[in-house]
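Structural characterization, general
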Amino acid sequence: MANRKKPLVVVTRKLPDSVETRMRELFETRLNVDDRPLSQAELAAAVKEADVIVPTVTDKIDAALLSQAGPQLRLIAQFGNGVDNIDVASAVQRGITVTNTPGVLTEDTADMTMALILAVPRRLAEGFEVLEHGEWGGWSPTWMLGKRIHGKRLGIVGMGRIGQALARRAAAFGMQIHYHNRRRLPEKLEQGLDATYWESLDQMLARMDIVSVNCPHTPATYHLLSARRLKLLKKDAYIVNTARGEIIDEVALTRMIEAGELAGAGLDVFEHEPAVNPRLLKLAKAGKVVLLPHMGSATVEGRVDMGDKVIVNIKTFMDGHKPPDRVLPSML
Ligand SMILES: O=CC(=O)O
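Residues numbered from 1 in each chain as written. Predicted model: local features only at pLDDT ≥ 70, side-chain atom pairs only at ≥ 80, totals over all residues. Heavy atoms only, no water.

Turning to the overall build of the protein, a few remarks are in order. Along the protein, the regular secondary structure elements total 13 helices and twelve strands. Expected size for 332 residues packed as a compact globule is a radius of gyration near 20 Å; at 22 Å, the protein falls within 12% of this value. Counting only C-alpha atoms, the protein reaches 75 × 50 × 30 Å along its principal axes. Buried positions account for 48% of the 332 residues belonging to the protein. Taking all contacts inside the protein whose residues are at least 6 apart in sequence as the whole, residues at least 24 apart take part in 61%. Of the roughly 16400 Å² of accessible surface on the protein, a fraction of 54% belongs to carbon and sulfur atoms. Looking at charge distribution, the protein has the averaged site of its 43 positive side-chain charges lying 4 Å from that of its 40 negative ones. (Helix = DSSP H or I, 4+ residues; strand = E, 2+ residues; numbered from the N terminus. Rg over C-alpha atoms; globule rule 2.2 N^0.38 Å. Buried < 20%, exposed > 50% of the residue type's maximum accessible area, 1.4 Å probe, protein only. Contact = heavy atoms within 4.5 Å. Areas by Shrake-Rupley, 256 points an atom, 1.4 Å probe, with all protein chains shown as cover. Lys, Arg positive; Asp, Glu negative; His and termini not counted. Charge placed at Lys NZ, Arg CZ, Asp CG, Glu CD.)

Okay, structure coming up:
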């Protein structure tokens, strides 16, 4: 650690105050006080010097960047659950450990998913807009009717922590829970969730009223909901995505909603963030989609918990132990 007593930890974005204070106490820390995202050149300068880098979902830590890392870089402690911004295999090959912050954003992300499941069929954004524009003519038996949630079939794609937390919420709203996952859940867990397993994603998609994407983005899940698969959905089905934009073929999805081949969508994530396809924005104006700017895990409590996890991972690693939230290529 190059004549330094404490490891140099470079943090790429502004983190909650309490997290930054604790980091300063424990490590030699370079923070990003004005929260401007770092360019690739600035990231390269950081990995040349840092013992530990703390990136987030918006930083591209690919093989090209890692090839510029100094030999002192030992740990990439991601502030976030998803690690699709990091070339984990390259990092591990170079002897760099990668960690993330699983678990602490499960409930918040499941809440946001449920919020979108409610918002799209029940036309929340449209209702708000009517009031905002002073266009409300009063209650009417046939005006602003949405679709009932109760009794509908929810198909969860990816039944990990967030998928399961969503299943518990949706069951409380009277929805029937279906899921597709690489591995079937243990029988007890599946029964506890009263969830129906579909080995075939295609077959599940064809029968659902609402489909929620809750799997990680990996090479295997890129465009998992391809144009072909989206066509399997019922014409009056809705899609919700709080995972990663890349899992759905966004152009195909947009085209299908425009053509009336799908009822609508609730999206918290996009294929080319922070850019949002203007055609999706147009569909939002028309009340067909509800769009949010990647807010799934955005709670004060969640972000502090994520920061605390990052600190535990760094401290444990620096103390010579295996950090609790190691990410291995075999897990992806
Ligand atoms: O999207 C946020 C995360 O993966 O933590």
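From this point, the discussion proceeds with the structure in view.
For the rest of this paragraph, the subject is the pairing of strand β11 (residues 264–267). Residues G264 and G266 line one face of β11 and the alternating positions A265 and L267 line the opposite face, and both faces are buried. At this point the chain moves from strand β10 (residues 238–241), through helix α11 (residues 250–258), to the parallel β11, and the crossover so formed is right-handed. Of the strand pairs in this sheet, β11 and strand β12 (residues 289–291) are connected by three bridges, and their pairing is parallel. If you follow G266 over to β12, its bridge partner there is V290. Crossover handedness for the path β11 to helix α12 (residues 278–285) to β12: right-handed. (Right-handed = clockwise from strand over helix to strand, strands pointing away. Pairing = 2+ DSSP bridges.)

All told, the structure shown has 18 salt bridges when counted by the stated rule. In this structure, R229 and D202 form a salt bridge, with 2.6 Å as the shortest nitrogen-oxygen distance. Of this pair, R229 sits in helix α10 (residues 227–230) while D202 sits in helix α9 (residues 201–205), placing them 27 residues apart in sequence. Overall, D202 belongs to the partly exposed group, its relative accessible area being 22%. For R279, the salt bridge identified is with E258, shortest N-O distance 2.8 Å. Separated by 21 residues along the polypeptide, R279 in helix α12 and E258 in helix α11 bring together distant segments of the chain. Residue classification places R279 among the partly exposed residues on the basis of a relative accessible area of 37%. (Salt bridge = Lys/Arg side-chain N within 4 Å of Asp/Glu carboxyl O.)

When the UniProt feature table is mapped onto this chain numbering, "domain: D-isomer specific 2-hydroxyacid dehydrogenase NAD-binding" (unreviewed entry) sits at residues 114–296. Taken end to end, residues 114–296 is 33% helix and 15% strand, and its first and last C-alpha atoms sit 10 Å apart. (UniProt positions renumbered as here; feature names shortened; annotations may be inferred.)

Strands sit in the order β2-β1-β3-β4-β5 across an open sheet of five strands; the sheet is parallel. The open sheet has two edge strands with one neighbour each: β2 (28–30) and β5 (97–99). The average angle at which neighbouring strand axes cross in this sheet is 20°, direction not considered. Pairing geometry for strand β1 (residues 8–11) and strand β3 (residues 52–54), over three bridges, is parallel. Bridging across to β3, V9 finds its partner in V52. Most of the contacts of helix α2 (residues 40–49) go to β3, to which it runs at about 145°, and overall it touches β1, β2 and β3. (Axes fitted to C-alpha atoms, helices over the stretch in contact; angles between N-to-C directions.)

Moving on to the nonpolar core. Counting residues in hydrophobic clusters, the biggest one holds 30 residues, and the most contacted among them are V211, L225, L230, L233, I239 and L253. For this core, the secondary-structure elements that each account for two or more residues are α9, β9 (210–213), α11, β11, α12 and β12. Ignoring any residue separated from it by four or fewer positions in sequence, one finds V211 in contact with G155, V157, L205, L225, L233, Y238, I239 and V240. Judged by nonpolar contacts, the second largest core, of 23 residues, contains L116, A170, Y238 and V290. (Core = buried A, V, L, I, M, F, W, Y, C linked by side-chain atoms within 4.5 Å.)

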